[in-house]
Amino acid sequence: MTTTIATTFKDFGLAPALVQAVTDLKFETPTPVQTKVIPALLKGTRDLVALAQTGTGKTAAFGLPLLHLTDPAANVPQALVLCPTRELCLQITRDLTSFAKHLRGIRILAIYGGSPIDPQLRALHRGVHIIVATPGRLNDVLRRKRADLSGVQRVVLDEADEMMSMGFEEDLAAILTETPETSRTLLFSATMPRAVATIANKYMDDPEEILVGHRNSGSDTVRHECYVVHAPDRYAALRRILDCLPSIYGIVFCRTRIETQEVAAHLEADGYSAEALHGDLNQQQRDRVMHAFRVRQRQLLVATDVASRGLDVTDLTHVINYNLPDDPDLYTHRSGRTGRAGKEGVSIVLANSREAYRLRSLEAVVRKPFVHKKVPTGREVCEAQLQVLLDRVKGLGADEKRLAPYWPTIEASLSSLTREELMRCLVARDFDRFLSDYDKAPDLNAGAPERSSRREGREGRDGRGESNRRERFERGAPRAPSSQGAVTRLQVNLGRRNGMTPPVLMSILNRATPGPMLRMGRIEIMEHASVIEVFAGDTSDLAQRLNQQSYDGRQIEAKPVGRPGRGGQPRPSRRERES
Ligand code: ADP
Ligand code: MG
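A quick note: this is a predicted structure, and the numbers were derived from the prediction, not measured.

### What to know about the sheet that holds strand E1 (residues 48-51)
Next, step 1: The strand order across the open sheet formed by 7 strands is E3-E4-E2-E5-E6-E1-E7, and the pairing between neighbours is parallel. Of all strands in the sheet, those with a lone pairing partner are strand E3 (108-111) and strand E7 (208-211), marking the two edges. With direction set aside, neighbouring strand axes in the sheet form an average angle of 15 degrees.
Next, step 2: As defined by bridge partners, E3 adjoins strand E4 (residues 130-133) across 4 bridges and the pair is classed as parallel. The partner of Ala110 across the bridge, within E4, is Val132.
Next, step 3: Its contacts with the sheet put helix H5 (residues 118-126) on E3 and E4, and the angle it makes with E3 is roughly 150 degrees.

### Points about the pairing of E1
Next, step 1: For E1 and E7, the ladder comprises 4 bridges, and the chain directions are parallel. Considered in E7, the bridge of Leu51 is made with Leu211.

### A look at the nonpolar core
Next, step 1: Within the largest apolar cluster, 42 residues are counted, with the highest numbers of intra-cluster contacts made by Leu14, Val37, Phe62 and Leu64.
Next, step 2: In contact with Leu64, other than residues within four places in its own chain, are Phe9, Leu14, Leu18, Val22, Ile38, Thr59 and Phe99.
Next, step 3: If you look at the next biggest cluster of nonpolar residues, it comprises 32 residues, including Ile117, Leu149, Ala160 and Met163.

### Structural notes on the sheet that holds strand E11 (residues 300-303)
Next, step 1: The 7 strands are arranged E10-E11-E9-E12-E13-E8-E14 in an open sheet whose pairing can be described as parallel. Of all the strands in the sheet, the pair left with one neighbour each is strand E10 (274-277) and strand E14 (371-372).
Next, step 2: Both strand E12 (residues 318-321) and strand E13 (residues 345-351) contribute to a ladder of 4 bridges, which runs parallel. Within the sheet, the bridge partner assigned to Asn321 lies in E13 and is Val349.
Next, step 3: Here helix H10 (residues 234-243) sits on the sheet and contacts strand E8 (222-228), E11, E12 and E13; the angle it forms with E13, its principal contact strand, is near 155 degrees.

### Thoughts on the state of the cysteines
Next, step 1: Under the counting rule described, the total for this entry stands at 0 disulfides.
Next, step 2: The cysteine Cys244 is free of any disulfide, with Cys382 supplying the nearest cysteine sulfur at 9.1 Å.
Next, step 3: Residue classification places Cys244 among the partly exposed positions, given a relative accessible area of 26%.

### As for the pattern of salt bridges
Next, step 1: Counted by the stated rule, this structure contains 21 salt bridges.
Next, step 2: Across the pair Arg86 and Glu87 runs a salt bridge, and its minimum N-O distance is 3.9 Å. Of the two residues, Arg86 and Glu87, both sit in the buried class.
Next, step 3: Two residues, Glu383 and Arg379, come together in a salt bridge whose shortest N-O distance is 3.0 Å. Linking Glu383 with Arg379, this pair stays in helix H16 (residues 378-395), spanning 4 residues, or about one helical turn.
Next, step 4: Where salt bridges share partners, they join Arg86, Glu87, Arg286 and Asp287 into one cluster.

### Comments concerning the packing of helix H3 (residues 58-69) against helix H4 (residues 86-99)
Next, step 1: Contact geometry of H3 with H4 gives a least axis separation of 10 Å together with a crossing angle of 50 degrees. The orientation of H3 with respect to H4, classified from their angle, is oblique. The way H3 lies across H4 gives a crossing that is right-handed. Together, Thr59, Ala60, Phe62, Gly63, Leu64 and Leu67 of H3 and Ile92, Asp95, Leu96 and Phe99 of H4 make up the contact between the two elements.
Next, step 2: Classifying every residue of the contact of H3 with H4 gives 7 nonpolar, 2 polar and 1 charged.

### Concerning the packing of H4 against helix H12 (residues 283-294)
Next, step 1: The interhelical angle for the contact between H4 and H12, taken along N-to-C directions, is 50 degrees, at an axis separation of 12 Å. If you check the angle between H4 and H12, you find them oblique. Between H4 and H12 lies a crossing of right-handed hand. Within the contact between the two elements, H4 uses Arg86, Glu87, Gln91 and Arg94 and H12 uses Gln283, Arg286, Asp287, Met290 and Arg294.

### Digging into a nonpolar patch on the surface
Next, step 1: Taken together, the side chains of Leu403, Tyr406 and Trp407 define a hydrophobic patch exposed on the protein surface, amounting to about 330 Å² of accessible area.
Next, step 2: Residue placement: Trp407 occurs in helix H18 (residues 407-414).

### Description of the packing of aromatic side chains
Next, step 1: Taken as a whole and assessed by the stated rule, the structure comprises 6 aromatic pairs.
Next, step 2: Where Phe9 meets Phe12, the ring centres are 6.0 Å apart and the plane angle is 75 degrees; that geometry is what we call edge-to-face.
Next, step 3: Taking the relative accessible area as the measure of exposure, Phe9 reaches 4% and is therefore buried.
Next, step 4: An aromatic cluster is present here, built from Phe9, Phe12, Phe27 and Phe99 joined pairwise through their rings.

### Some remarks on helix H6 (residues 135-143)
Next, step 1: Among the residues of H6, those classed as buried are Pro135, Arg137, Leu138, Asn139, Val141 and Leu142.
Next, step 2: Residues of H6 that are buried sit in contact with strand E2 (79-82), E3, H5, E4, helix H7 (160-165) and helix H8 (169-178).
Next, step 3: Phi turns positive one or two residues past the end of H6, at Lys145, with a value near 55 degrees.

Definitions and limits used
- Residues numbered from 1 in each chain as written.
- Chains lettered and ligands numbered in written order.
- Predicted model: local features only at pLDDT ≥ 70, side-chain atom pairs only at ≥ 80, totals over all residues.
- Heavy atoms only, no water.
- Pairing = 2+ DSSP bridges.
- Helix = DSSP H or I, 4+ residues; strand = E, 2+ residues; numbered from the N terminus.
- Axes fitted to C-alpha atoms, helices over the stretch in contact; angles between N-to-C directions.
- Contact = heavy atoms within 4.5 Å.
- Core = buried A, V, L, I, M, F, W, Y, C linked by side-chain atoms within 4.5 Å.
- Buried < 20%, exposed > 50% of the residue type's maximum accessible area, 1.4 Å probe, protein only.
- Disulfide = S-S within 2.5 Å.
- Salt bridge = Lys/Arg side-chain N within 4 Å of Asp/Glu carboxyl O.
- Parallel < 35°, antiparallel > 145°, perpendicular 65-115°, else oblique.
- Left-handed = near helix turned anticlockwise from the far one by under 90°.
- Nonpolar A, V, L, I, M, F, W, Y, C, P; charged D, E, K, R; others polar.
- Patch = residues over 30% accessible without salt bridge, like charges linked within 9 Å, V, L, I, M, F, W, Y side chains within 5 Å.
- Areas by Shrake-Rupley, 256 points an atom, 1.4 Å probe, with all protein chains shown as cover.
- Phe/Tyr/Trp six-rings, centres within 6.5 Å; stacked < 30°, edge-to-face > 60°.

See below:
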C-alpha cells in the first residue's frame, strides 16, 4: 500500500498541542514510516512489527501517538519504550519531551545503565507516565521491585535487532512478562534476524507488519560513491576527498578501535576538525566527544559501528566508509545516517581493488549502483581550496574604522602595486604553500599508470609533502627522531577556537611548571588543538602536570605527538597556514 495523498500531521487527528510541537520542529510532511505507523497506533488495536531503518523518523512515528494516548491524570507508567543504548535512550527522551512541550503534566523518564540508579529510582517513585529505558537497567529496577508496569498499555521495542545483537534477549523477556497481557506491542527493526522473529512470535499477538519502502526509505536520498585505491593510499585519498569537501559534516567509519584512533589522530595532526569515538572511552569522554560533534564543534567524527550506535545526529552531509564493514547490513546502517528527512546525503566508500566483489554485493543490498569516482588530483584539490579561499576573502568584512589609523602605512606600502599584483599577492599568501603541498602529488586511483611521480612527491622538494605523511601513517612506526634528538612535541586540546594564543599557552605551561623556565621551541596554534615544542629534558612529567590544569572551564588534555615531516622545523598544518 503506498500513500500518494499528501498527508499532514494535522490529518492524523493528533492533539493540537502535538501538531503545534511538530510545527515548531519544522516537520512539514510526515515521513513514510510516520504515515503508516501513526494511524495504525491511533486507531488500530493489533500489535505491530515495522521494518524501518535508522533515520526514517521512527521516534515521532511512535512518540506522537504514545503522547496522544497518555492520560496525565492517571499516575502510572502507561507507555514503555525500550531501546539498545544509553545514548538512544536519552535521545528518545529528549525527542518525546520536545513533542510534549505544549502538553500539560506528562512526565517522561529515561532509565539507563552507566549512571547511578538511585536518582532514577527516586524519579520513578515520584511517578511517571512514559518510561524510556535500556533493557539491562530496567530489568535491574524490576528485580528490585521498584517499578510497576501493570498499567502499561503500549510497549515500543525500538531497534529490536540491535537489542538482540547486544545480548538483551533475557532482559527483554523478563520485562515483557511484567507488562499486562493486554498491552499493545510495537516492534521496530531495520532487519529481521531470527532472534527478532522469535521475540515477535513469543510476545506479540498476530502482529500486523508494516514495511517502509523495501529498504531504507532514507536511501532514496543517499548517493553511494566509491573510490578504488591501493590499500596504502587510503589515508591520502581520504585527505584529498576531505580537502574537496570543506563544509563536510560527517562520520568516518572505521573497522577497529585502533584504526579509529589512528585515523582521528592523523586527521587532527593534519589540521582537520576530527575526533575519535570508540569503545575505549569512558562515559564522560564519550559524552564530551558526542557533544562536540553534535554542536558542530567538530566536523568529523571517526567512529566504529558499535561506538556510533544511538548517536542521533541529523543533517550529516556525508558518511565515509574508511573501510568496508564485514556485514552488508552494517553498511545500510552507516549510509542510513545521512540523507535523512528528505535531505540529500552521500555515502563514500574507500575500497581497494580486491574489494570490488564486495561493492557488488553492497549494490545489491542498497539496490542502487555505486557512482565510481576518481580520487581528486592535486590540481582538483587546489581548485577546490582556491575557491574556498576566494570566497573567504570576498566574505571578509574589512572594518574601515579600525583600519583607519593604519591606512597611511598600508597605502604607502601597497599603492605602488597594480590590481593584478595585489590580487596575486593576496592569493599567494595562503595558496602558494598549499600548492606546494600538492605539487607533483601522485594519482591515487588504483589502476592509474605507474606512479613514478609518487617517489618525486616524497623525495623531491623538502620531503614534507603529502606522500611523506601518508607513509608515516601507513607504517605506523615510531616517528623519525628529531635532528636535535632533544625536542618533544606536546599536543594540547585547546586551539584557536578556544581562544588559545602562543602567550596564553606559554603562561599555562609556566603555571604548570614551577621552578626554572621551560625551554620552548615552536608553538603551533591550530583550530582545535595546539602543539608546543619542549626540550626533552624538561618534559618528563609535563603532560601529567598540564592535565591537572584547566583553561576557560575546559580540562586540559596534553599528550606527546610525533614530529611532522623530517628535519628541522615542525611545520604548521595546512589549515593553520590558511587562516
Ligand atoms: P529513526 O529513529 O528512524 O532513526 P528519528 O526519529 O531519530 O529517526 O528521526 C531522524 C531525524 O529526522 C530527526 O532529526 C528528526 O527530528 C527528523 N524528522 C523526523 N520526522 C521528520 C519529519 N516528518 N520531517 C522532518 N524531519 C523529521
Ligand atoms: Mg530511532
